[in-house]
Amino acid sequence: MNALQYPEIKPKKKLIKRIYIAVMLWVVGRAIQAAAKVDSEVKEEFAKLKDNFLLKMWIWPNGPAMYVGKTKDGKVKYLGWKDKGYKPTLTMTIKSVEAAMLLFTFQEGTAISTARNRLVVDGDLPDACALVRILNIVEVYLLPKIIAKLAVKRYPKWSQMNPFRKHFGRILIYVRAFTF
Amino acid sequence: MQLPAYYEFCNSVKTIVGHKALEQIPQSLKAINAQRPMIITDKGVEQAGLIKIVQAAMQKSKLKAAALFDNVPADSDVKVVNEVAKIYRAKKCDSIIAVGGGSVLDTAKGANILVSENATDLLQFVGYGNVKRKLRPFVAVPTTAGTGSEVTSVAVIANHEKNIKMAFGSLFLLPDIAIIDSRMTKTLPPTITAFTGMDALTHAVEAYFCLAKNPLSDTTALAAIQLIAQNLVNVVKKPSDLDGRLALALASNLAGMAFSNSMVGLVHNIGHAIGGVCGVPHGVCMNILLPYGLEYNMHKRSQYIGELLYPLAGEEVYNKTQKKERPLKTVEYIRKLIQDLHDATDGKHPRFLKEVYDRSGKQMIPKEKLPDIAKTAMSDPAQFYNPEDLDYNDYIMVLEAAWEGIPLDRKKIKKG
């Protein structure tokens, strides 16, 4: 039997899913940058992180990815999807395209994704805790309640996030995320 | 039984259990191709005469330890890990037998990383998955019935100079063999038996109701809970009960298997913070906080918490209790267990945070420390696996109730 007669089987690239995930990562990255300017709680969480904080969130093994970091003047910036030789201080790896789809179609929240070992974190654990809190707030701003409730453990009540803060913040974050 | 859409479970440790299980050491070492073991332990274990039992078990087959290190401190330290690795290399050892509690086992795991990877700096292996290949043969002999470290894939080692704790996680940190021998826990004082037993119970209970629960961890968790409920108070009252000792050591092992796969939640989250801020032993915190962890999560996990009544209180109580009352009855049963242990130790086993004293009689958790504890807890990753979310005010609410010793007012718990 000549092995060369058999074609090499390559995994499917799942192009549509990758494009969807790349768009979602872009939206989340831009929204984090916007929320750090608009929301006092997110601002406070970022202020506590070290000056060289740099997050890489990516899908193993070939991406897509997104980078968010603090600049020299302490501002939070979405740094794009390309690795420009960054040295992330916190890496959140989603183990497969399918796992990322579950997460970004809100069939699984961040907590369940972590519990099922589909999302692994490498870096300082206190930073990871802060980032999960930031992501939760960003998701509440970005998504309608019916979907956000699937993504976060506890949807904030009026006493934690009053309607003015939520709706006004949502408008500002959307405007800032989608304008350059 | 909950069948999650996806889960993972790994336990590759060969476990040998029995009243004279240590006698299997020579054969077991031979099976993993080890001839020059290094024994790692601490002064307390050595002075209790437990190393002599291990050595006697080895000598029957003319096997001798190539080195003995008996100076592991109560809190594992990176300097000690380096020292152990140096001796291991100098004496040309080829395997490790760790005899002790959590600190000894973690130190030994750290040293095994260094000698197996031929490295000098543990820092490069910090985090999850950074130990990437099989380490040297490792035998774990636990001398407490609480931590379950002999079947966990993690180690925590402190760097006291930099004032940080380094956490290591890798399936390669799982020992090759765990030997559970009743003689190893026979001399544990009643107070330590009580809180280490409650530590094991907390591992099993949190594994059963937190977010990463799965059918395989459920099985080991339920067995552990039943063994602890049936034996803990009896052994505290009668420390020489070797069958009870063996049952508790096995329960700790089973609970370790459960929680190292399905993780833990709020009780460990706050317990780690109290340990960090006030230096309170881990098991003491677990014992006090367990009922509060159940109360806080009850609105989300009432079914699972109710199911715990069966292994805790037995078939008769379970059947007599209406389904909707079972979750609260579970909490009530655990509070009664804590009270029984308090009575059996003449009041030395604390029930509330304000009752925790050090050896000099000084209160270890002053009320003014609660805000610091809450802030520290917000940075602990055990919160990821807790069913309900927590913010600073939630931590304070739980801590204040646990400090005073009053049940949580469940109406005040925020529900999303």
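Use the structure listed above.
None of these values were measured; they are calculated from a predicted model.

Engineer: So, the interface of chain B and chain A: which residues are in play, and what are the values?
Structural biologist: Tallying the contact residues gives 26 residues for chain B and 22 residues for chain A. Between chain B and chain A the total buried area reaches about 2,100 Å² when both faces are included, carbon and sulfur atoms providing 55% of it. On inspection of chain B and its partner chain A, the count reaches two salt bridges. Between chain B and chain A we count ten residue pairs in polar contact (both at pLDDT 80 or more) in total. Grouping the constituent residues of the side of chain B that touches chain A by class yields twelve nonpolar, five polar and nine charged.

Engineer: I'd love a proper account of the packing of aromatic side chains, names of residues and values included.
Structural biologist: What describes a pair of aromatic rings is the distance from one ring centre to the other and the angle between the planes of the rings. Applying the stated criterion across every chain, the model contains seven aromatic pairs over all chains. Here Phe164 of chain A and Phe168 of chain A contribute two aromatic rings whose centre-to-centre distance is 5.3 Å and whose plane-to-plane angle is 10 degrees, an arrangement assigned as stacked. Placement of the pair is Phe164 of chain A and Phe168 of chain A together in helix α7 (residues 163-178), with a separation of four residues, close to one helical turn. Seen from their ring centres, Tyr310 of chain B and Tyr318 of chain B are 5.2 Å apart, and the 85 degrees between their planes marks the pair as edge-to-face. What makes Tyr318 of chain B buried here is its relative accessible area of 17%.

Engineer: An account of a positive patch on the surface is needed here, citing residue identities and associated values.
Structural biologist: Judged by side-chain charge, Lys37, Lys43, Lys75, Lys77, Lys82, Lys84 and Arg176 of chain A come together as a positively charged surface patch. Along the chain, Lys84 of chain A falls in the loop between β3 (76-80) and β4 (90-94).

Engineer: Give me the lowdown on the pattern of salt bridges, citing residues and values where you can.
Structural biologist: Opposite charge on two side chains allows them to pair when their charged atoms are near. Residues and elements named next belong to chain B. Within this structure, the stated rule accounts for 27 salt bridges over all chains. For Glu295, the salt bridge identified is with Arg335, shortest N-O distance 3.0 Å. On the criterion of sequence distance, the pair formed by Glu295 in helix α10 (residues 282-307) and Arg335 in helix α13 (residues 326-344) is long-range, its members being 40 residues apart. Given the relative accessible area of 25%, Arg335 is considered partly exposed. Lys414 serves as the salt-bridge partner of Asp394, at 2.9 Å between the closest nitrogen and oxygen. One end of the pair, Asp394, is in helix α15 (residues 392-404); the other, Lys414, is in the segment after α15, and 20 residues separate them in sequence.

Engineer: Would you mind going over the nonpolar core in detail, with residue names and values included?
Structural biologist: Judged by nonpolar contacts, the single largest core of 84 residues is most densely connected at Met198, Leu201, Ile270, Ile274, Val280, Ile365 and Ile373 of chain B. Here the element with the most residues in this core is α10 of chain B; it accounts for twelve residues. Excluding residues within four positions of it along the chain, Val280 of chain B makes contact with Ile274, Gly275, Cys285, Val356, Met364 and Ile365 of chain B. Formed by 57 residues, the second largest nonpolar core is a distinct cluster that contains Val27, Phe53, Val68 and Val152 of chain A.

Engineer: Account for the packing of helix α1 (residues 15-38) of chain A against helix α5 (residues 125-142) of chain A, with residues named and values stated.
Structural biologist: All names here are of chain A. Taken N-terminus to C-terminus, the directions of α1 and α5 make an angle of 100 degrees; their axes are 10 Å apart at the nearest point. The orientation of α1 relative to α5 falls into the category roughly perpendicular. Judged by residue contacts, Val27, Val28, Ala31, Ile32 and Ala35 of α1 engage Ile134, Leu135, Val138 and Leu142 from α5. Taken together, the residues of the contact of α1 with α5 sort by class into nine nonpolar, no polar and no charged.

Engineer: I'd like a description of the sheet that holds strand β6 (residues 138-142) of chain B, backed by residues and values.
Structural biologist: All names here are of chain B. The six strands lie next to each other as β1-β9-β6-β4-β2-β3, forming an open sheet whose pairing is parallel. For this open sheet the edge positions go to β1 (14-18) and β3 (67-69), each flanked by a neighbour on one side alone. The average undirected angle you get between the axes of adjacent strands in this sheet is 15 degrees. Inspection of the sheet shows β6 paired to strand β9 (residues 177-181) by two bridges, in the parallel sense. Looking at the pairing, Ala140 lines up with Ala178 of β9. Where helix α3 (residues 50-59) meets the sheet, its contacts fall on β2 (37-40), β3 and β4 (95-100), and the angle it forms with β2 comes to roughly 165 degrees. Running over the sheet, helix α8 (residues 242-262) touches β1 and β9 and is turned about 155 degrees from β9.

Engineer: Tell me about the environment of Gly102 of chain B, and name the residues and values.
Structural biologist: All names here are of chain B. Mapped onto the elements of the fold, Gly102 is located in helix α5 (residues 102-117). Taking C-alpha positions, Gly102 is 8.6 Å from Ser76, a pair spaced 26 residues apart along the chain. Contact partners of Gly102, with chain neighbours within four places excluded, come to Thr147 and Ser149.

Engineer: Which residues make up α8 of chain B, and what values do they have?
Structural biologist: Residues and elements named next belong to chain B. Its 21 residues give α8 an end-to-end C-alpha distance of 30 Å, which sits within 8% of 30 Å, the value for a rise of 1.5 Å per residue. Measuring from the backbone nitrogen of Asp243 back to the side-chain oxygen at the start of α8 gives 3.3 Å, which picks out Asp241 as the cap. Positive backbone phi, approximately 65 degrees, marks Met263, located one or two places after α8.

Engineer: Pulling in residues and values, what's your account of α5 of chain B?
Structural biologist: Residues and elements named next belong to chain B. Compared with an ideal rise of 1.5 Å per residue, which puts 16 residues at 22 Å, α5 spans 22 Å between its outermost C-alpha atoms and is within 8% of the ideal. Counting buried positions over the 16 residues of α5 gives 16, a clear majority of the element. Just downstream of α5 lies Asn118, where phi reads positive at about 50 degrees.

Engineer: Which residues make up the sheet that holds strand β1 (residues 54-59) of chain A, and what values go with them?
Structural biologist: Residue and element names in this part refer to chain A. Read from one edge of the open sheet, five strands run β3-β2-β1-β4-β5, paired in mixed fashion. Each edge of the sheet is formed by a strand with only one pairing partner; in this case those strands are β3 and β5 (119-123). Shown here is a sheet whose adjacent strand axes are inclined to one another by a mean of 15 degrees, direction ignored. As paired strands, β1 and strand β2 (residues 65-70) are joined by five bridges and run antiparallel to one another. Bridging from a neighbouring strand, Lys56 pairs with Tyr67 of β2. In the packing of helix α3 (residues 97-104) onto the sheet, contacts are made with β1 and β4, and the angle to β4 comes to roughly 100 degrees.

Cut-offs used in this document
- Residues numbered from 1 in each chain as written.
- Chains lettered and ligands numbered in written order.
- Predicted model: local features only at pLDDT ≥ 70, side-chain atom pairs only at ≥ 80, totals over all residues.
- Heavy atoms only, no water.
- Contact = heavy atoms within 4.5 Å.
- Buried area = accessible area lost by both parts, 1.4 Å probe.
- Salt bridge = Lys/Arg side-chain N within 4 Å of Asp/Glu carboxyl O.
- Polar contact = N/O pair within 3.5 Å; in protein donor to acceptor, adjacent residues only side chain to side chain.
- Nonpolar A, V, L, I, M, F, W, Y, C, P; charged D, E, K, R; others polar.
- Phe/Tyr/Trp six-rings, centres within 6.5 Å; stacked < 30°, edge-to-face > 60°.
- Helix = DSSP H or I, 4+ residues; strand = E, 2+ residues; numbered from the N terminus.
- Buried < 20%, exposed > 50% of the residue type's maximum accessible area, 1.4 Å probe, protein only.
- Patch = residues over 30% accessible without salt bridge, like charges linked within 9 Å, V, L, I, M, F, W, Y side chains within 5 Å.
- Areas by Shrake-Rupley, 256 points an atom, 1.4 Å probe, with all protein chains shown as cover.
- Lys, Arg positive; Asp, Glu negative; His and termini not counted.
- Charge placed at Lys NZ, Arg CZ, Asp CG, Glu CD.
- Core = buried A, V, L, I, M, F, W, Y, C linked by side-chain atoms within 4.5 Å.
- Axes fitted to C-alpha atoms, helices over the stretch in contact; angles between N-to-C directions.
- Parallel < 35°, antiparallel > 145°, perpendicular 65-115°, else oblique.
- Pairing = 2+ DSSP bridges.
- Expected span 1.5 Å × (residues − 1).

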